[in-house]
Amino acid sequence: MISKKILRVVVTVFGLGSSAVTADTSTEQRVPPVKFLQLSETVWMHTSYKVFKKFGAYPSNGLVVVDGANSILIDSAWTDAQTTEILDWARNELGHPVKQAIFTHAHSDKMGGVGAVQARGIETHALALSNQIASASGLMPAEFDLTLNQNDKALNFGPVEVFYPGAGHSADNLVAYVPEAGILFGGCLIRSARAKRLGNIADANLMHWGDAVGSVQQQFSDATLVVPGHGEPAGAELLELTFQLVTEHGR
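The rules behind each value
Residues numbered from 1 in each chain as written. Predicted model: local features only at pLDDT ≥ 70, side-chain atom pairs only at ≥ 80, totals over all residues. Heavy atoms only, no water. Salt bridge = Lys/Arg side-chain N within 4 Å of Asp/Glu carboxyl O. Helix = DSSP H or I, 4+ residues; strand = E, 2+ residues; numbered from the N terminus. Buried < 20%, exposed > 50% of the residue type's maximum accessible area, 1.4 Å probe, protein only. Axes fitted to C-alpha atoms, helices over the stretch in contact; angles between N-to-C directions. Parallel < 35°, antiparallel > 145°, perpendicular 65-115°, else oblique. Left-handed = near helix turned anticlockwise from the far one by under 90°. Contact = heavy atoms within 4.5 Å. Nonpolar A, V, L, I, M, F, W, Y, C, P; charged D, E, K, R; others polar. Pairing = 2+ DSSP bridges.

(A) Representation of the pattern of salt bridges within the structure. All chains considered together, the criterion is met by 4 salt bridges. As a salt-bridge pair, Asp-75 and Lys-110 come within 4.0 Å of each other at their nearest N and O atoms. Of this pair, Asp-75 sits in the loop between β4 (70-74) and α2 (80-94) while Lys-110 sits in helix α3 (residues 108-111), placing them 35 residues apart in sequence. We note that Asp-75, like Lys-110, is buried. Ionic pairing is found between Arg-120 and Asp-88, a salt bridge with its closest N-O pair at 2.5 Å. Linking Arg-120 in the loop between α4 (114-118) and β6 (123-127) with Asp-88 in helix α2, this pair joins segments that are 32 residues apart in sequence. Judged by its relative accessible area of 35%, Arg-120 is partly exposed. You can call Asp-88 partly exposed: its relative accessible area is 24%. In this structure, a network of salt bridges that share partners links the residues Asp-88, Arg-91 and Arg-120.

Have a look at this one:
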């Protein structure tokens, strides 16, 4: 469980997670610095921001997971500069430099900083489909393809399990699980507790999204903390909430 002391450092801007991120960017508001939140003894959440005219500073989450003397990065920030902040923090503040990075799908909030990671010689991994989409959409692909089919057994990266439940928020959305901590990173497949809608559905598969959530529920039924792609971490009820939002969409 997360202590109340740790939870207090979560910024209130997380409440913006209930809206779609499709507006044009604005330079009128200063972009907040990257934030870090400790979720367990070995897992930290990083949160970076992009300023949109309609929403202001909009947050996006990823993880840094300690793996021995090093760490594993789950998702980049929006930009190379923000991702450099995360890499510097892991090396200089956490004391566990990033050795591997895994990206959960090919949108700029998750793969916008791949260049900064690769510039340091860090191994980068993404679903083969993500790398194809990234190349076609102007994002830098990861160096290595993950060969995961829908509902295949999860791949192990040290303390992290990576699972592909099939299309939902996007065709290529992965989730990551840290079994020692009971922490599930649902990424943008999973919505936050404040979400009233599904958010950005430009690349969504609405017909399969609910099934994907169900596969994640079945695969990681012992998860005690769920981290959505945007918004505050909470319990496994976020999976039920997301399923409900998918079911209600279009009614």
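(B) Looking closely at the packing of helix α6 (residues 209-219) against helix α7 (residues 237-248). Here α6 crosses α7 at 165°, and the two axes come no closer than 9 Å. When the axes of α6 and α7 are compared, the pair comes out roughly antiparallel. Every pair of crossing elements has a handedness; the one defined by α6 and α7 is left-handed. Of α7, the residues touching α6 (which contributes Trp-209, Gly-210, Val-213, Val-216 and Gln-217) are Leu-239, Glu-240, Thr-242, Phe-243 and Val-246. Residue composition of the contact of α6 with α7, grouped by class: 6 nonpolar, 3 polar and 1 charged.

(C) Local environment of the pairing of strand β10 (residues 175-178). Burial along β10 is two-sided: Val-175 and Tyr-177 facing one way and Ala-176 and Val-178 facing the other are all buried. Strand direction decides the pairing type here: strand β9 (residues 160-163) and β10, joined by 3 bridges, are antiparallel. Bridge pairing in β10 links Phe-163 to Val-175. In this structure, β10 lies alongside strand β11 (residues 183-187), joined through 3 bridges in antiparallel fashion. Bridge pairing in β11 links Tyr-177 to Leu-184. Adjacent in sequence and paired antiparallel, β10 and β11 are bridged by 4 residues, among which Gly-182 carries a positive phi angle near 65°.

(D) Fine view of the sheet that holds β11. The mixed open sheet is built from 5 strands, whose spatial order is β8-β9-β10-β11-β12. The open sheet is flanked by β8 (155-157) and β12 (225-228), the only strands paired with a single partner. Within this sheet the neighbouring strands show an average axis-to-axis angle of 25°, counted without direction. Relative to β9, β8 runs antiparallel, the two being bridged by 3 bridges. For Leu-155, the partnering residue across the bridge sits in β9 and is Val-162.

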